[in-house]
Amino acid sequence: MAADQEINAGDIKKDFPIFKIKMSGKPIVYLDSAATSQKPKQVIDSIVKFYSEYNANIHRGIYDIAERATDEYTNSKGKLAKLIGAKSIRNIVYVRNTTEAINLVALSWGNANIEKGDHILISDMEHHSNLVPWQLLAKRKGAVLDYIKLDKSSEKLDMDSFKENLENDPKMVAVTQASNVLGTINDVKYITKEAKKHGSVVLVDGAQSAPHMPVDVQSIGCDFFALSAHKMLGPTGIGALYGTEEILNSMEPLFGGGDMISAVTRQTHSWNSLPWKFEAGTSNIEGGIAFGAAIDYLNSIGMEKIRRHEEKLTKHALESLENVKNIEVYGPKKDEINIKSGVVSFGIKGVHPHDVAQIFNNEGIAIRAGHHCAMPLVTEVLRQGAVSRMSFYLYNDEDDIDKAVAAIDEVKRIFKLE
Ligand SMILES: Cc1ncc(COP(=O)(O)O)c(C=O)c1O
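- As named in an unreviewed UniProt entry, the protein is Cysteine desulfurase, taken from Candidatus Mancarchaeum acidiphilum.
- Reading the Cofactor (unreviewed entry) entry of the UniProt record for the protein gives the comment "pyridoxal 5'-phosphate".

Remarks on the pattern of salt bridges
Right, on to step 1. Applying the stated criterion across every chain, the model contains 23 salt bridges.
Right, on to step 2. Residue K171 pairs with D118 through a salt bridge whose shortest N-O separation is 2.7 Å. Note that K171 is positioned in the loop between α6 (159–166) and β7 (172–176) and D118 in the loop between α4 (98–113) and β5 (119–123), a separation of 53 residues in sequence.
Right, on to step 3. Its relative accessible area of 14% is what places D118 among the buried residues.
Right, on to step 4. Between E311 and R307 there is a salt bridge; the shortest N-O distance is 3.2 Å. Taken together, the positions of E311 and R307, both in helix α11 (residues 303–322) and 4 residues apart, correspond to about one turn of that helix.
Right, on to step 5. Take E311: its relative accessible area is 25%, and that puts it in the partly exposed class.
Right, on to step 6. Take R307: its relative accessible area is 9%, and that puts it in the buried class.
Right, on to step 7. Members of the salt-bridge network, linked through shared partners, are K13, D397 and D400.

Structural notes on the domain arrangement of the protein
Right, on to step 1. Partitioning the protein into structural domains gives domain 1 (9–36 + 302–414) and domain 2 (45–299).
Right, on to step 2. Look at where the C-alpha atoms of domain 1 and domain 2 centre, and you get two points 27 Å apart.
Right, on to step 3. Counting from both sides, the interface comprises 39 residues of domain 1 and, opposite them, 31 residues of domain 2.
Right, on to step 4. Approximately 2,900 Å² of surface area, both sides summed, lies buried where domain 1 meets domain 2, with 59% of it carried by carbon and sulfur atoms.
Right, on to step 5. The three residues of domain 1 that bury the most area against domain 2 are M303, L377 and Y393, which together make up 21% of that side's buried surface.
Right, on to step 6. E336 is the salt-bridge partner of K156, the closest N and O atoms lying 2.8 Å from each other.
Right, on to step 7. There are 20 residue pairs in polar contact (both at pLDDT 80 or more) connecting domain 1 and domain 2.
Right, on to step 8. Elements supplying a minimum of two residues to the side of domain 1 that touches domain 2: α11, β14 (343–348), α13 (375–381) and β17 (387–391).

Topic: the sheet that holds β14
Right, on to step 1. Ordered in space as β13-β14-β17-β16, the 4 strands form an open sheet in which the pairing is antiparallel. Since the sheet does not close on itself, it has two edges, and those belong to β13 (327–330) and β16 (368–370), each with one partner. With direction set aside, neighbouring strand axes in the sheet form an average angle of 30 degrees.
Right, on to step 2. Pairing geometry for β16 and β17, over 3 bridges, is antiparallel. Counterpart to A369 in the pairing with β17 is S388.

Description of a negative patch on the surface
Right, on to step 1. There is a patch of like negative charges on the surface, built from D160, E164, E167 and D169.
Right, on to step 2. When you line up the elements, E167 lands in the loop between α6 and β7.

Digging into the environment of N55
Right, on to step 1. In this fold, N55 is placed in the loop between α2 (41–53) and α3 (64–83).
Right, on to step 2. Linking N55 and R68, residues 13 residues apart in sequence, is a C-alpha distance of 9.0 Å.

Let's talk about the packing of aromatic side chains
Geometrically, a pair of aromatic rings is defined through the distance of the ring centres and the angle of the planes.
Right, on to step 1. Counting across every chain of the model gives 11 aromatic pairs.
Right, on to step 2. Geometrically, the ring pair formed by F16 and Y297 is edge-to-face, given 5.8 Å between the ring centres and 90 degrees between the ring planes. You can see F16 sitting in the loop between α1 (9–13) and β1 (22–23) and its partner Y297 sitting in helix α10 (residues 285–301), a full 281 residues away along the chain.
Right, on to step 3. Residue class for F16 comes out buried when judged on its relative accessible area of 1%.
Right, on to step 4. Pairing F50 with Y51 gives two aromatic rings, centres 4.8 Å apart and planes at 55 degrees, and the pair type is tilted.
Right, on to step 5. The class of Y51 is partly exposed, set by a relative accessible area of 44%.

Some thoughts on the packing of α3 against α10
Right, on to step 1. Following both chains from N to C, one finds α3 and α10 inclined at 45 degrees, their axes separated by 8 Å at the closest point. Compared by their axis directions, α3 and α10 come out oblique. For α3 against α10, the interelement crossing comes out left-handed. Packed against α3, whose contacting residues are A69, E72, Y73, S76, K79, L80 and L83, the element α10 presents I285, G288, I289, F291, G292, I295, D296 and N299 at the interface.

What counts and what doesn't
Residues numbered from 1 in each chain as written. Predicted model: local features only at pLDDT ≥ 70, side-chain atom pairs only at ≥ 80, totals over all residues. Heavy atoms only, no water. UniProt positions renumbered as here; feature names shortened; annotations may be inferred. Salt bridge = Lys/Arg side-chain N within 4 Å of Asp/Glu carboxyl O. Helix = DSSP H or I, 4+ residues; strand = E, 2+ residues; numbered from the N terminus. Buried < 20%, exposed > 50% of the residue type's maximum accessible area, 1.4 Å probe, protein only. Domains from an automatic or database assignment. Contact = heavy atoms within 4.5 Å. Buried area = accessible area lost by both parts, 1.4 Å probe. Polar contact = N/O pair within 3.5 Å; in protein donor to acceptor, adjacent residues only side chain to side chain. Pairing = 2+ DSSP bridges. Axes fitted to C-alpha atoms, helices over the stretch in contact; angles between N-to-C directions. Patch = residues over 30% accessible without salt bridge, like charges linked within 9 Å, V, L, I, M, F, W, Y side chains within 5 Å. Areas by Shrake-Rupley, 256 points an atom, 1.4 Å probe, with all protein chains shown as cover. Lys, Arg positive; Asp, Glu negative; His and termini not counted. Charge placed at Lys NZ, Arg CZ, Asp CG, Glu CD. Phe/Tyr/Trp six-rings, centres within 6.5 Å; stacked < 30°, edge-to-face > 60°. Parallel < 35°, antiparallel > 145°, perpendicular 65-115°, else oblique. Left-handed = near helix turned anticlockwise from the far one by under 90°.

So, in structure tokens, the structure goes:
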């Protein structure tokens, strides 16, 4: 695809076998990529190829297929490092997912650095993954967990609240780059810059940003960045923690065992170099390799182009919903598309989001309904029990959105709403 061309979602869909299936007897319309993305055949094939052609353990054998497996796994880290602007693979620790990446930081860095009375600062728009590990750490250590509030619109972080909280000199500031409910894109570069003035360590939750837009961890300046492969065309069970060498070198591994050591005696051991000291035991080799194939696929399109495509889809969705009666749309609107990702959450007056999702299912459309693992945001800030959410990716087109808007009409017809 030439660099100046727009994404042709119809062509892209052909690479994804799932789009051949039907749901409720209709071609599937998949609008739940914020939960997990679909996988192109290139990624699926890479798993089959690994098991059929070079299945062997990594970092052990010196025979051809073992060396190939090691190379492919290591190359995948190189691809990820390049994708997110990390200096080298030493910055890339493979884990199971974003949740594990953040827990690794809270347990390893947190246990060593957080003391009684210290402040940890997160925000009111965090996913439970970037909330519960800090609650657990605060409880273990007697630390204080503070929250950056949302502004009056309940769409964005309130920068006054951020600045006020910084006065406590939080040891850790952990925020999401993009909200999985509101779609808000936070200015994590600015947040990092300000937090650093107060000596904070900064973790960015990149689960909803890395799959959808160009990311440059060095330009952001954060100490840690967490992401999941399954949300960016890769398989489940693999994700990454980016950390600066300085901070990763200062941390103890969470798990001991094979591969994470350089030498062991009866009483002592020394750690392997980065990033391997954090990867004890046999890795998710197929996952790492398939993640590499997913990054190749994303690069073949280009992250800028993916972001532009999603902006276009999101704008179309927001415009289509603008004049629909009895519907509330959460998060930034079309005039702030520059800070809005491809996530559109909404509520239909008097209709439970689970009923909405069920009616969408009858139309062959997959959306998510619930608290989206962000209960403080959904229940305390938005004051909803649950919300419905559509989320877009490179394989969606305006037709998918038009079908979703028609499904909203169907919900309103069934519930006799205007
Ligand atoms: C913003 C955000 N952070 C973290 C996560 C957790 O990702 P995982 O379940 O892959 O660990 C999600 C998942 O939806 C998310 O949206």
